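Single-letter residue listing:
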Amino acid sequence: MWLGTVESAKIFFLVIVLSLPLGMVLALGRVSTFTIIKKFIAAYVWVLRGSPLMLQMLFVYFALPTVGVYFEDFTAAIIAFVFNYAAYFCEIFRSGIQAVPKGQYEAAHALGMGYWQTLRRVILPQVFRIVLPPISNETITLVKDTSLVYVLAMNDLMRTTRNLVQRDFSIVPFLVAAVFYLLATLLFTIGFERLERYYSRSSAD
């Protein structure tokens, strides 16, 4: 079960590291002035958020090989998770960017800052504070969603747990797995709460 937990943790951290920056890039495209890019990203977000993550994993692993595109189970899971969560993070970042008052852009422009300089030094620091709560929720959801990779026959925590239950006819592995997931969500909840308190004090100062 520990080895299964390590496998689930690898999936989690890779997805977070890849999907967060991709979500930010997509969000910047969503709020850009390029109509074609905005519509393309809007369609992407609609498809990825509107279809089940499990269906997307099965599509990458089983459907793409029919057109000559093959991925190993771990790679297929990472691709499906990253593109799915990037769509959710895109909308979170987009709402955060749009929540920053327009006066902030005007003030930065009046100081002679360019668009990218304004984003980096004025807008994004405020966006990060705004989006912390929804990112916290998505991160905790991702911890639990890693259990879906069992459909690809990967030896993650959930598949290992199910095999042990079937072998030993005992519910103890289910209880142990529940403890692992609860501890992981507890750690992230505490971490994000501390970040939120820190940025709340910083904004008050």
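Scroll up for the structure.
Residues numbered from 1 in each chain as written. Predicted model: local features only at pLDDT ≥ 70, side-chain atom pairs only at ≥ 80, totals over all residues. Heavy atoms only, no water.

All right, on to the layout of surface pockets then. Counted as a void, the largest pocket has a volume near 330 Å³. Contributions of two or more residues to the lining of the largest pocket are made by helix 1 (2–30) and helix 8 (172–204). Within the lining of the largest pocket, the residues separate by chemical class into twelve nonpolar, three polar and no charged. Mapped by element, the contributors of at least two residues to the lining of the second largest pocket are helix 4 (73–99), helix 5 (102–110) and helix 6 (115–145). Counted by class, the lining of the second largest pocket contains six nonpolar, one polar and one charged residues. (1 Å grid on protein atoms, 1.4 Å probe; cavity = no way out; pocket = protein on both sides within 12 Å on 5 of 7 lines; lining within 4 Å. Points joined across faces, edges and corners; volume = space filled by probe spheres on them. Helix = DSSP H or I, 4+ residues; strand = E, 2+ residues; numbered from the N terminus. Nonpolar A, V, L, I, M, F, W, Y, C, P; charged D, E, K, R; others polar.)

Counting residues in hydrophobic clusters, the biggest one holds 49 residues, and the most contacted among them are V15, F81 and F93. For this core, the leading source of residues is helix 4, giving 14 residues. Not counting chain neighbours up to four residues away, the residues in contact with V15 comprise L20, I78, F81, V82, Y85 and L142. (Core = buried A, V, L, I, M, F, W, Y, C linked by side-chain atoms within 4.5 Å. Buried < 20%, exposed > 50% of the residue type's maximum accessible area, 1.4 Å probe, protein only. Contact = heavy atoms within 4.5 Å.)

What follows is about the environment of L18. Here L18 is to be found in helix 1. A residue is classified by how much of its surface remains accessible, and L18, at 42% relative accessible area, is partly exposed. Each C-alpha atom, one on L18 and one on A86, is 8.2 Å from the other, the two residues being 68 residues apart in sequence.

So, about the packing of helix 1 against helix 4. Close contact between helix 1 and helix 4 brings their axes to 6 Å; oriented N to C, the two are set at 40 degrees. In terms of axis orientation, helix 1 runs oblique to helix 4. Like other packed secondary-structure pairs, helix 1 and helix 4 cross with a definite hand, here right-handed. Of the residues that constitute the contact of helix 1 with helix 4, the class distribution is 21 nonpolar, two polar and five charged. (Axes fitted to C-alpha atoms, helices over the stretch in contact; angles between N-to-C directions. Parallel < 35°, antiparallel > 145°, perpendicular 65-115°, else oblique. Left-handed = near helix turned anticlockwise from the far one by under 90°.)

Moving on, we get to the packing of aromatic side chains. All told, the structure shown has seven aromatic pairs when counted by the stated rule. Aromatic side chains F12 and F188 sit 4.9 Å apart centroid to centroid with 50 degrees between the ring planes, which places their arrangement in the tilted category. Linking F12 in helix 1 with F188 in helix 8, this pair joins segments that are 176 residues apart in sequence. On the basis of relative accessibility, which here comes to 5%, the residue F12 falls in the buried class. Chaining the aromatic ring pairs together yields one cluster made of F81, Y85, Y88 and F89. The positively charged end of K10 is found above the aromatic ring belonging to F74, 5.4 Å away from the centroid. (Phe/Tyr/Trp six-rings, centres within 6.5 Å; stacked < 30°, edge-to-face > 60°. Lys NZ or Arg CZ within 6 Å of the ring centre and 35° of its normal.)

Mapped onto the fold, G4 is located in helix 1. Given the relative accessible area of 2%, G4 is considered buried. Residues G4 and D156 lie 152 residues apart in sequence; the distance between their C-alpha atoms is 4.1 Å.

Two elements in contact, helix 2 (residues 35–50) and helix 4, have axes separated by 9 Å at closest approach and are oriented at 120 degrees. Between helix 2 and helix 4, the angle is such that the two are oblique. Crossing of helix 2 over helix 4 shows left-handed handedness. Facing I41, Y44, V45, L48 and R49 of helix 2, the residues of helix 4 in contact are F83, N84, A86, A87, Y88, C90 and E91. Its residues assigned to classes, the contact of helix 2 with helix 4 shows nine nonpolar, one polar and two charged.

Between the first and last C-alpha of helix 2 there are 22 Å, a value that for 16 residues agrees with the 22 Å anticipated at 1.5 Å per step. Listing the buried residues of helix 2 in full gives I41, Y44, V45 and L48. An end-on view of helix 2 places all buried positions within 100 degrees of arc, on one side of the element. Those residues of helix 2 that are exposed and angled more than 90 degrees off the buried face are I36, K39, W46 and G50. Buried positions along helix 2 lie against helix 1, helix 3 (53–63) and helix 4. (Expected span 1.5 Å × (residues − 1). Arc of directions from axis to C-beta.)

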